[in-house]
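# Summary of structural features
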Amino acid sequence: MKKYDVCIIGGGAAGLAAASLLDSKIKKCILEKNNILGRKISATGGGRCNITNEACSNKEIVLEFFKSRGLETYKDSEGRYYPYSNQASDVVRVLTAAAADQGTDIMTGITVERIARNGSSYEICCESLRIAADNVILAAGGKAAPHMGTTGDGYAMASRLGHTINRVYPVLTGIECGDFRNIKGVRAKGTVSLYRDDRLIKAETGEIQFTEDGVSGICVFNLSLYIRADNGEDFRKALTRYHLILDLAPDFTTEEIERRESSFGILTSRLSDMVGVKEMKCWKLPVKGVKGWKNAQCTGGGISMDEVNMETMESKKAVGLYIAGEIMDVQGPCGGFNLQNAWETGIKAAQSINRKYR
């Protein structure tokens, strides 16, 4: 059995950020299920990696973290930060190199089966080896994009160590509304408003993309954060309480629209066949579902924040256990907010452990 000071479970954004900052004198390892590190990072931001956002309160922590490792960033017109090279793979390369420079043992293709408390340390059981560690950073991710290895394994590990797992559900994903095969692939500028029990929850403006069974696009993804069931409520029943209102002519007044004979000329030909003049600014659509884990960019729910010291990321349930990244019940909109959470929580966990070993 190999013995470490720190075992990091998950070689994604949070795990790599932590490994990059842990002091070189601390004996540490990363266990990653995939055969490569940072697989999900490489796919973010359309392959560019939207690192953080101007609206994130602690963005400077993250920007300085990357700058100190030689990675320059830039901000676009909407406040999103990207690597100057516009290559997500460069972010992975910088983090992997930094982790290796700090003396991290990197083990890929390793599936962790369980974590058990063994006296004052932890025993991490895998298919082919066992590891003992005084501290564990659980950064195993959520359930979104399971084809990239995030299948929710960490929830069972945390639960066995006493943590509450709030119901998990896919977010930042498309919304299903009915049979839209005739307008599949059509795009339109518009405002999408989400209602629950006829009460406005949230409205987003942007490009709406029509799929064969509903709507997609960043503005829709952000609204999916708010579609959820109450505790104990059946999700299918909860869906009946939601609907969308689409304004497909946000740059035109109601009076201007009422003078028109056709919606064509503002809407495309195919879309105008489905949406008439009277519906252009108030097209009501039922919410019949949300796209599942395969299409989701993020996970809603997870380990309760109430059970984690958010300054150190140490568990309140198990001494020496640190929680970082998407596995926690923390979700934000598109635009770098969720990656900010991953970097920041990984950084905090590493800093806290470093203080232990000074």
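Scope of this entry: the structure provided in the associated data block.

Cut-offs used in this document
- Residues numbered from 1 in each chain as written.
- Predicted model: local features only at pLDDT ≥ 70, side-chain atom pairs only at ≥ 80, totals over all residues.
- Heavy atoms only, no water.
- Helix = DSSP H or I, 4+ residues; strand = E, 2+ residues; numbered from the N terminus.
- Expected span 1.5 Å × (residues − 1).
- Buried < 20%, exposed > 50% of the residue type's maximum accessible area, 1.4 Å probe, protein only.
- Arc of directions from axis to C-beta.
- Contact = heavy atoms within 4.5 Å.
- Core = buried A, V, L, I, M, F, W, Y, C linked by side-chain atoms within 4.5 Å.
- Pairing = 2+ DSSP bridges.
- Phe/Tyr/Trp six-rings, centres within 6.5 Å; stacked < 30°, edge-to-face > 60°.

### Here's the deal with helix α4 (residues 88-101)
- The end-to-end C-alpha separation of α4 is 20 Å, in line with the 20 Å expected for 14 residues at 1.5 Å each.
- Among the residues making up α4, those that are buried are Ala-88, Val-91, Val-92, Val-94, Leu-95, Ala-98 and Ala-99. Buried residues of α4, seen end-on, are gathered within an arc of 160° and therefore sit on one face of the element. For α4, the exposed residues lying more than 90 degrees away from the buried face are Arg-93 and Asp-101.

### Some thoughts on the side chain of Ser-304
- Among the secondary structure elements, Ser-304 is positioned in the loop between β18 (298-303) and β19 (321-323).
- Leaving out residues up to four positions away in the same chain, Ser-304 has contacts with Thr-164 and Asn-166.

### Describing the nonpolar core
- Membership of the largest hydrophobic core comes to 65 residues, with the highest contact counts inside it found for Leu-31, Ile-124, Ile-137 and Trp-343.
- For this core, the leading source of residues is helix α10 (residues 337-356), giving seven residues.
- Excluding residues that lie within four positions of it along the chain, Ile-124 makes contacts with Cys-7, Ile-9, Leu-31, Val-112, Arg-114, Ile-115, Leu-129, Arg-130, Ile-131, Ala-133 and Val-136.
- By size, the runner-up hydrophobic cluster in this structure holds 31 residues, among which are Ile-183, Leu-239, Tyr-242 and Met-280.

### Some details on the sheet that holds strand β4 (residues 73-75)
- The strand order across the open sheet built from three strands is β3-β5-β4, with neighbouring strands paired in antiparallel fashion. Only two strands of the sheet have a single neighbouring strand rather than two, namely β3 (52-53) and β4.
- For β4 and strand β5 (residues 80-83), the ladder comprises three bridges, and the chain directions are antiparallel. Paired with Thr-73 across the strands is Pro-83, a residue of β5.

### A few points about the environment of His-243
- Relative to the assigned elements, His-243 resides in strand β15 (residues 242-247).
- For His-243, the residues in contact, after removing those within four places along its chain, are Ser-193, Leu-194, Tyr-195, Asp-198, Lys-284, Leu-285, Pro-286 and Val-287.

### Re the packing of aromatic side chains
- Per the counting criterion, the structure on display carries seven aromatic pairs.
- For the pair Tyr-74 and Tyr-84, a centre-to-centre distance of 6.3 Å together with 90° between the ring planes defines the contact as edge-to-face. Separated by ten residues along the polypeptide, Tyr-74 in strand β4 and Tyr-84 in the loop between β5 and α4 bring together distant segments of the chain.
- Take Tyr-74: its relative accessible area is 23%, and that puts it in the partly exposed class.
- A residue is classified by how much of its surface remains accessible, and Tyr-84, at 62% relative accessible area, is exposed.
- Centre to centre, the rings of Phe-210 and Trp-283 are 6.1 Å apart; their planes meet at 40°, and the pair counts as tilted. Pair noted here: Phe-210 is in strand β13 (residues 199-211) and Trp-283 is in strand β16 (residues 283-286), with a separation of 73 residues, a long-range link.

### Focus: the environment of Cys-219
- In this fold, Cys-219 is placed in helix α6 (residues 218-224).
- For Cys-219, the residues in contact, after removing those within four places along its chain, are Val-192, Glu-204, Thr-205, Gly-206, Glu-207 and Ile-208.

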